[in-house]
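The residues making up each chain are set out below.
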Amino acid sequence: MKVMVYKTAEEIAEAVGRIIIKRVADEPSCAIGFATGASPVPTYEYIVSEFNKGNISFKDMKTFNLDEYCDLPVDDKNSYHTFMHENLFDKIDVQAENINFLDGNAEDYDAESARYAEAIKAAGGIKVQILGIGTNGHIGFNEPADEFTDEAFKVTLTQSTIDSNQKYFGEQAMPRYAMTMGIGSIMRSEEIVLIATGEAKAKAIAAAVNGEVTPQCPASILQNHPNVTFFVDEAAASLLK
Ligand code: GLP
């Protein structure tokens, strides 16, 4: 596991953005795993600016998002579908048929999980997976648990995640469940880049990098992945040994 410490979120955005752009330039039809939350937004801005300069096309790229809320219409302003379209997909030339999301409103969550696993396989596997990290060490919506998960599943969100994410929902009640890629699906990505900025992430970053590998800190499993880099600012790195 590599940890790269930067001064600003913009420097992180450029470093991660370059990794994605290079991968897509080398393999135009590859699958990239995308994440939501505030952390990857500057990276998406960097990618859009390079696209606008004519430096890269995403017309054959396939996308797989990590997670989606349950019991929320896909076109709700707080859905992760909406987030990705507003922050990235509508601003680049990715094709609608190449965009993949878990269906948080699926009738049969096991069938939905199997469908997603099959789609990832058919796309040749995820080449680069972008991750953020929750203040409790969650990745995707894999909350602290007794066991590491494998394929996608429906999760009950923890109070700490609800407290962290309620701000995005304002007056609207936040969903209590989500559908998320499992730890196994994330770990099968060829390369993983995790972005974390700010002091609020320092404890989770220290636990993930220096702590024991335990499902109580889901991100700690990344210590076992052969090609993972954490892109953090000084505040997020402040408790690292
Ligand atoms: C959300 C998402 C995660 C994200 C995390 C951190 O709950 N499901 O994928 O990494 O929270 O979000 P932020 O980057 O806004 O701190």
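Our subject is the structure that appears above.
Scope of this entry: the structure provided in the associated data block. (Residues numbered from 1 in each chain as written. Predicted model: local features only at pLDDT ≥ 70, side-chain atom pairs only at ≥ 80, totals over all residues. Heavy atoms only, no water.)

## A few points about the pairing of strand β10 (residues 228-233)
Where a strand is regular, its side chains alternate between the two sheet faces. Of all six residues in β10, six are buried; the element is thus mostly enclosed. Burial along β10 is two-sided: V228, F230 and V232 facing one way and T229, F231 and D233 facing the other are all buried. Looking at chain direction, strand β1 (residues 2-6) and β10 are connected through five bridges and run parallel. The residue of β10 that forms the bridge with V5 is V232. Both strand β9 (residues 191-196) and β10 contribute to a ladder of five bridges, which runs parallel. Following the sheet pairing, V193 is matched in β10 by T229. Note that the unit made of β9, helix α7 (residues 202-210) and β10 has a crossover that is right-handed. (Buried < 20%, exposed > 50% of the residue type's maximum accessible area, 1.4 Å probe, protein only. Helix = DSSP H or I, 4+ residues; strand = E, 2+ residues; numbered from the N terminus. Pairing = 2+ DSSP bridges. Right-handed = clockwise from strand over helix to strand, strands pointing away.)

## Brief notes about the sheet that holds β10
Taken in spatial order, the seven strands make up an open sheet running β1-β10-β9-β6-β2-β3-β5, and their pairing is parallel. Looking at the sheet topology across the chains shown, the edges are occupied by β1 and β5 (99-100). Contacts from helix α1 (residues 9-26) reach β1, β2 (31-34), β6 (126-131), β9 and β10, with the element oriented near 160 degrees to β9. (Contact = heavy atoms within 4.5 Å. Axes fitted to C-alpha atoms, helices over the stretch in contact; angles between N-to-C directions.)

## Digging into helix α2 (residues 41-52)
For α2, with 12 residues, the first-to-last C-alpha span of 16 Å sits near the 16 Å given by 1.5 Å per residue. Buried residues in α2 make contact with α1, β2, α3 (80-87), β6 and β9. Phi turns positive, to about 80 degrees, at G54, one or two residues after α2. (Expected span 1.5 Å × (residues − 1).)

## Topic: the sheet that holds strand β7 (residues 153-156)
The antiparallel open sheet is built from three strands, whose spatial order is β4-β8-β7. Two strands lie at the open edges of the sheet, namely β4 (67-69) and β7, each paired on one side alone. Averaged over all adjacent pairs, the angle separating strand axes in this sheet is 30 degrees, with direction ignored. In the sheet, β4 pairs with strand β8 (residues 177-180) via three bridges, with the strands oriented antiparallel.

## Focus on the packing of aromatic side chains
Per the stated rule, a full pass over the model turns up 10 aromatic pairs. Geometrically, the ring pair formed by F34 and F89 is edge-to-face, given 5.7 Å between the ring centres and 85 degrees between the ring planes. One end of the pair, F34, is in strand β2; the other, F89, is in the loop between α3 and β5, and 55 residues separate them in sequence. Across this residue pair, the class does not change: F34 and F89 are buried. Cluster of aromatic residues (ring-pair linked, three or more members): F34, Y44, F89 and F101. (Phe/Tyr/Trp six-rings, centres within 6.5 Å; stacked < 30°, edge-to-face > 60°.)

## Let's talk about the pairing of strand β3 (residues 62-65)
Summarising the sheet, β2 and β3 pair through four bridges and their orientation is parallel. Pairing of A31 across the sheet is with K62, part of β3. Handedness of the crossover joining β2 and β3 through α2 is recorded here as right-handed. Bridge count for β3 against β5 is two bridges, and the pairing is parallel. In the strand pairing of β5, F64 is matched with N100.

## Remarks on the packing of α1 against α2
Running from amino to carboxyl end, α1 crosses α2 at an angle of 55 degrees, the nearest separation of the two axes being 8 Å. Put simply, α1 runs oblique to α2. Viewed along their axes, α1 and α2 form a crossing whose handedness is right-handed. Facing A9, I12, A13, E14, V16, G17, R18, I20 and I21 of α1, the residues of α2 in contact are P42, T43, Y46, I47 and E50. Grouping the constituent residues of the contact of α1 with α2 by class yields nine nonpolar, two polar and three charged. (Parallel < 35°, antiparallel > 145°, perpendicular 65-115°, else oblique. Left-handed = near helix turned anticlockwise from the far one by under 90°. Nonpolar A, V, L, I, M, F, W, Y, C, P; charged D, E, K, R; others polar.)

## Overview of the pattern of salt bridges
All told, the structure shown has 13 salt bridges when counted by the stated rule. A salt bridge links E234 to K7, with the shortest nitrogen-to-oxygen separation between them at 3.4 Å. Separated by 227 residues along the polypeptide, E234 in helix α8 (residues 234-237) and K7 in the loop between β1 and α1 bring together distant segments of the chain. Taking relative accessible area as the criterion, K7 reaches 64% and is therefore assigned exposed. Residues participating in the shared-partner salt-bridge network are R23, E27, K127, E190 and E191. (Salt bridge = Lys/Arg side-chain N within 4 Å of Asp/Glu carboxyl O.)

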